[in-house]
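Here is what each chain is made of, one letter per residue.
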Amino acid sequence: MGDTLEFNDIHTEVKGSWNDGRLRFSKQSVVYKSHKTGKVDSIPAPELSAAQWRRVCLGHGIKLATSTGLVYRYDGFKDTDFDKISSFFKTNYKVELAERDMCVKGWNWGTAKFTGSLLSFDVNDSPVFEVPLTSVSQCATGKNEVTVEFHQNDDAEVSLMEVRFYVPPNTGDDGSDPVEAFAQNVLSKADVIQATGDAVCVFKELQCLTPRGRYDIRIYPSFLHLHGKTFDYKIPYTTVLRLFLLPHKDQRQMFFVISLDPPIKQGQTRYHFLILLFSKDEDLSLALNMSEDEVAKRYEGKLSKNMSGPLYEIVSRVMKALVNRKITVPGNFQGHSGSQCITCAYKASSGLLYPLERGFIYVHKPPVHLRFEEISCVNFARGTTTTRSFDFEIETKQNNQYTFSNIEREEYGKLFDFVNAKKLNIKNRGFKEGMKGAEGYSDSDEDQHDAYLERMKEEGKIREEGDGSDESEGDSDESFNPGEEDDDVPEEYDSNASVSESEEDGDSEDEGKKKKPEKKPKKVVKEKKERKPRKEKKVKDAGAPKRPMSAYMLWLNGNRERIKSENPGISVTEISKKAGEMWKQLGKDRKEEWDKKAEEAKRQYEKAMKEYRESGGGAAAAAASNTKEKKKKGGKVEAKRKSGGEKEKKKEGGNESFKSKEFISSEESSSESDHDRGSKRKASDEEEEEEAASTPASSEEESGSD
């Protein structure tokens, strides 16, 4: 047998909720580490006084008692583990692992026994149930009964609120009240905060970020009291998990973070972290409310009666001594700006991310602490709004994802090296190693194809080309747009306007009808941007043979009903997921069998396709698609011609106030105003009508004279 025994998936009860973890028996100690909180319980081997093996709801469990009065219970063992654990205890701890059965008679009348911090209710010397007194929040007494109330746990689906014990009246001669004696035994070990005596020290008006406000902090030997204008909080030191001292990025302030489990409550809000903000320039002189001998005896040199220095150092020093936990500070990480943190955003709030030696912590809203051992993988993602930033994604083993966004591009190299040195699993390792430099980050498509970026670029090009082509088509179109075409018509201020014949001939208007030679329109040539031809949609040939299925699809069709029968009520998506897992676990020989079936189906498909093409099937489908396309194009051309004819009609007899370029006469001189030109056009039209009316009369006079 080795020097250690290790067991995974071992559960322990914490305030009504089961927490799983890892238990290790070694020669020196018994160590249990919770997977949820990372908290470590260590029992030195010399302190073990008794051990029991018993049948519980989660298999088998071990109950360990220490010489200091503490009791530890661990469940989740198998029946086969008894022999090796028993022999290990005999060899290394010199303790007999005794088997003890629980009473399952269902009786509610028995004997209450107090053993250390455990209340055991026994029937015929067999325990019915046990109550850890550390879970008790209050104890009230009545005439002949005692009511025990418990702390609520948010993680527990069902919580036990209270238990009432009936205590019969005492018939002895000692005169003691059995109800009060029962209550005192409970309260002596219960987690009930009683503010008796003076505080060890008081810190006035400290700035607290979570919960927000300014609080007076009173330090008591067993708990911490936050006194604010609106709310008061009492925090037992047993609920403190970790302490952090973090420098702000501006190097002028310090964060002091206290991690709590269970959290403090304010209505329905839970605060898992207590965050204090200090200025480095603020100093304090503090005198503890204890004698020097008392301080030296209780805190063993960790504190002194009179202390002075920066405020954050005094507070952290006092908390470390009273809570008896180490203070975590940032490690060797140094960002681009020289600070030990990274500016980023989490859930639309800006904050600071601190890479620590054993995890990450984000402050301050909402605070997040992630240990490396609970991280499944990390991912470096491209920023969604700009290429000058990136996102850092962390996925935990419980499938929770945390995204820290808007991190400056310059921080990438330092953060990647840190994550790589900690041997964390990086999802897109190859992609990001190519992006390590600043130039590589801005043009990373050479290392790996980024489908999203390519699609965005392509859509941008098409949009730009579409805008350009619309402009060029609008300029060359002959539709009725007088406001847009006025710029191309020669006006009086236009130096290129031609001189009319009416000015050259003087008063020759009376001699006959004026000749109006057509002026060639001014041509404006603009380059058209060529549009990319659209891809023709393939027409599906309904008569063609169906494509063969892959080996996986053949296997799935053959096993779908079996999966349904083995998993009643399973959905379609869950069938696909389950089938994928089963296919991965399928042996190589079985897969080869389905591969052969897929190859045979492929050969039959190729043979059927060849016969189909020889019979003219594919050519007929292609001809049908070409005919359909020609009809479609012909309809477009005809519609265009029709619209062009309508435009010409509009130009000839439409609006009198408008003339297109083809009908601008050269006689309209640059010296004429718009009003004169309009009147001239009207006068010339009247003369034409008069000449037409007078022509028959003049011809008759001439014939008569002859």
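Further up the page is the structure itself.
All values derive from a computational prediction rather than experimental measurement.

Chemist: What should I look at first to understand the sheet that holds strand E17 (residues 223-227) in this one?
Modeler: Ordered in space as E18-E17-E16-E15-E21-E20-E19-E24, the eight strands form an open sheet in which the pairing is mixed. At either end of the open sheet lies a strand with only one pairing partner, and these are strand E18 (232-236) and strand E24 (327-328). Looking at chain direction, strand E15 (residues 201-210) and strand E16 (residues 213-219) are connected through six bridges and run antiparallel. Within E16, the position partnered with Gln207 by the bridge is Arg214. Docked against the sheet, helix H4 (residues 311-323) engages E15, E16, E17, strand E19 (240-247), strand E20 (253-266), strand E21 (269-279) and E24, running at close to 100° with respect to E15.

Chemist: What is the right way to look at the sheet that holds strand E9 (residues 111-115) in this model?
Modeler: Strands belonging to one sheet form pairs held by backbone hydrogen bonds; the direction of such a pair is parallel or antiparallel. The three strands are arranged E9-E10-E11 in an open sheet whose pairing can be described as antiparallel. Strands at the two margins of the open sheet, each flanked by one partner only, are E9 and strand E11 (126-132). Sheet twist, expressed as the average angle between the axes of neighbouring strands with direction ignored, equals 25°.

Chemist: Help me out: how do you make sense of the pattern of salt bridges in this one?
Modeler: Applying the stated criterion across every chain yields a total of 21 salt bridges. Ionic pairing is found between Glu130 and Arg73, a salt bridge with its closest N-O pair at 3.4 Å. Of this pair, Glu130 sits in strand E11 while Arg73 sits in strand E7 (residues 71-77), and the two are 57 residues apart along the sequence. Assessed through its relative accessible area of 12%, Glu130 is described here as buried. Overall, Arg73 belongs to the partly exposed group, its relative accessible area being 22%. Sharing partners across several salt bridges, the network here consists of Glu13, Arg54, Lys63, Arg73 and Glu130.

Chemist: For this particular structure, what's the right way to read the side chain of Ser339?
Modeler: Among the structural elements, Ser339 can be located in the loop between E24 and strand E25 (342-346). According to the relative accessible area criterion, Ser339 is buried, its value standing at 3%. A polar atom in the side chain of Ser339 sits 3.2 Å from the side chain of Ser337. Not counting residues within four places of it along the chain, the set of residues in contact with Ser339 comprises Lys249, Gln251, Phe333 and Gln334.

How each quantity is defined
Residues numbered from 1 in each chain as written. Predicted model: local features only at pLDDT ≥ 70, side-chain atom pairs only at ≥ 80, totals over all residues. Heavy atoms only, no water. Pairing = 2+ DSSP bridges. Helix = DSSP H or I, 4+ residues; strand = E, 2+ residues; numbered from the N terminus. Contact = heavy atoms within 4.5 Å. Axes fitted to C-alpha atoms, helices over the stretch in contact; angles between N-to-C directions. Salt bridge = Lys/Arg side-chain N within 4 Å of Asp/Glu carboxyl O. Buried < 20%, exposed > 50% of the residue type's maximum accessible area, 1.4 Å probe, protein only. Polar contact = N/O pair within 3.5 Å; in protein donor to acceptor, adjacent residues only side chain to side chain.

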